[in-house]
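One-letter residues, chain by chain:
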Amino acid sequence: KLGILIRSIRLRLTLWYVLLLAIVLVAFSGVLYFALSRSRFGDVDGILRSTASLLATVVEIDAQGHLGTVPGQPLSWKDPKAGEHAWRVLAPSGQIVAKSNSHELDFLPRDSAILGAALDRGEVFRTVRADGEPVRLYTAPMYQGEELVGFVQVGLLADEIDETLTALRWILILALPATLAVASIGGLFLADRALRPVDEITRTAQTISAQDLSQRLSMDLSDDELGRLARTFDAMIGRLDDAFRRQRRFTADASHELRTPLTVIKGDLSLALVHSRDAEYYRSVLVEVDEEVDQMSRLVDR
């Protein structure tokens, strides 16, 4: 039973269908997740970049190129996001020179890898954890001429984005198996409906024998592959039936035509064996037998 099931076309079609659907769904889910993540973080990254740029303009740098003081709340302009930002200014060594009153970045260690990446790329965005909360952090170097004078970091709580992406991940994780399960059931149902005519053809073919070639499928199918197969099968059985009828007719005709010369031969030989005859009589019997054999040869050669 298991071997038959594994070799079943229905199962193989369903497995190929589910595999293809799984690949499409995984690819679609990945693209959807990436697009949503990029869209949400893209908006936040734009705000962080512009905020850092504005912050860099109010940082005081002395004549020796050292960072001076930063006004108490340089981000107190009319920015709807200003109250949600946390910022800090770092010296080239990574020491904090100034920071905002927000505490989101207080729990964030000064990561030299982030500062090094900012030096290499000109800016860097990272999603980091500060006191267990996700923070989108922007880091950019500040220069006076060509001399590095420090770094500016601006962070924004990304808990809403994190919650949205987490919810989407769970939806995709739960929806993918459920969708594949429903698709498997639907695939088996559709494969069964599509291949049902093949089962009927098989059952009919098993009942056909040389003694009874009168059966036909006579299936009312559309002009598709299975419909053409059924009509071809009926036409083949019709040709076989006609060939067998001709064969039986030929056998009957040949039997009838061969019976007469055989009867004559049998009669002549029987009479010749009953009594002793002269040579002329036996000669006439052999001539007649020879003629009847020639006639049978002509019948066989037709």
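Throughout what follows, the structure given in this document is the object of discussion. Predicted model, so just to flag it, every value in this text is computed and none were measured. (Residues numbered from 1 in each chain as written. Predicted model: local features only at pLDDT ≥ 70, side-chain atom pairs only at ≥ 80, totals over all residues. Heavy atoms only, no water.)

**Examining the packing of helix H2 (residues 9-58) against helix H4 (residues 159-207)**
Selection rule: In this analysis an axis means a line fitted to C-alpha atoms, helices contributing only their contacting stretch, and an angle means the value between N-to-C directions, from 0 to 180 degrees. Secondary structure elements are taken from DSSP: a helix is a run of H or I of four residues or more, a strand is a run of E of two residues or more, and numbering for both begins at the N terminus. Angle categories are assigned with fixed cut-offs, so that under 35 degrees is roughly parallel, over 145 is roughly antiparallel, 65 to 115 is roughly perpendicular, and the rest are oblique. Each crossing gets its hand from how the near helix is turned against the far one by less than a right angle, where anticlockwise is left-handed and clockwise is right-handed. Put simply, Ala, Val, Leu, Ile, Met, Phe, Trp, Tyr, Cys and Pro go in the nonpolar bin, Asp, Glu, Lys and Arg in the charged bin, and everything else, Gly too, in the polar bin.
Two elements in contact, H2 and H4, have axes whose closest approach is 8 Å; the angle formed by their N-to-C orientations is 160°. Taken together, the axis directions place H2 and H4 in an arrangement best described as roughly antiparallel. H2 and H4 meet at a crossing whose hand is right-handed. Considering only residue class, the contact of H2 with H4 consists of 23 nonpolar, 7 polar and 6 charged.

**Re the packing of aromatic side chains**
This is how the line gets drawn: Classification of ring pairs rests on two measures: the distance between centres of Phe, Tyr or Trp rings, Trp counted by its six-membered ring, which must be within 6.5 Å, and the angle between planes, read as stacked under 30 degrees, edge-to-face over 60 and tilted in between. Geometrically, a lysine NZ or arginine CZ counts as sitting over a ring once it is within 6 Å of the ring centre and also within 35 degrees of the ring normal.
Per the stated rule, a full pass over the model turns up 1 aromatic pair. A ring pair is formed by Phe125 and Tyr138, whose centres lie 4.8 Å apart and whose planes are at 45°; its orientation type is tilted. Placement of the pair is Phe125 in strand E3 (residues 124-130) and Tyr138 in strand E4 (residues 133-144), with a sequence separation of 13 residues. Over the ring of Phe41 we find Arg136, and its NZ or CZ is 4.4 Å from the ring centre.

**Describing the pairing of strand E5 (residues 147-157)**
Rules: Partly exposed residues are those whose accessible area sits between 20% and 50% of the maximum for their type, while under 20% is buried and over 50% is exposed, using a 1.4 Å probe and protein chains only. Strands are labelled as partners when DSSP assigns at least two bridges between them.
With 8 of its 11 residues buried, E5 lies for the most part within the structure. Two elements, E4 and E5, share 10 bridges in a ladder whose sense is antiparallel. Bridging across to E5, Pro141 finds its partner in Phe151. With antiparallel pairing between neighbouring strands as the criterion, E4 and E5 make up a hairpin whose turn holds 2 residues, including Gly145 at a positive phi of roughly 70°.

This is a description of form; function is not addressed.
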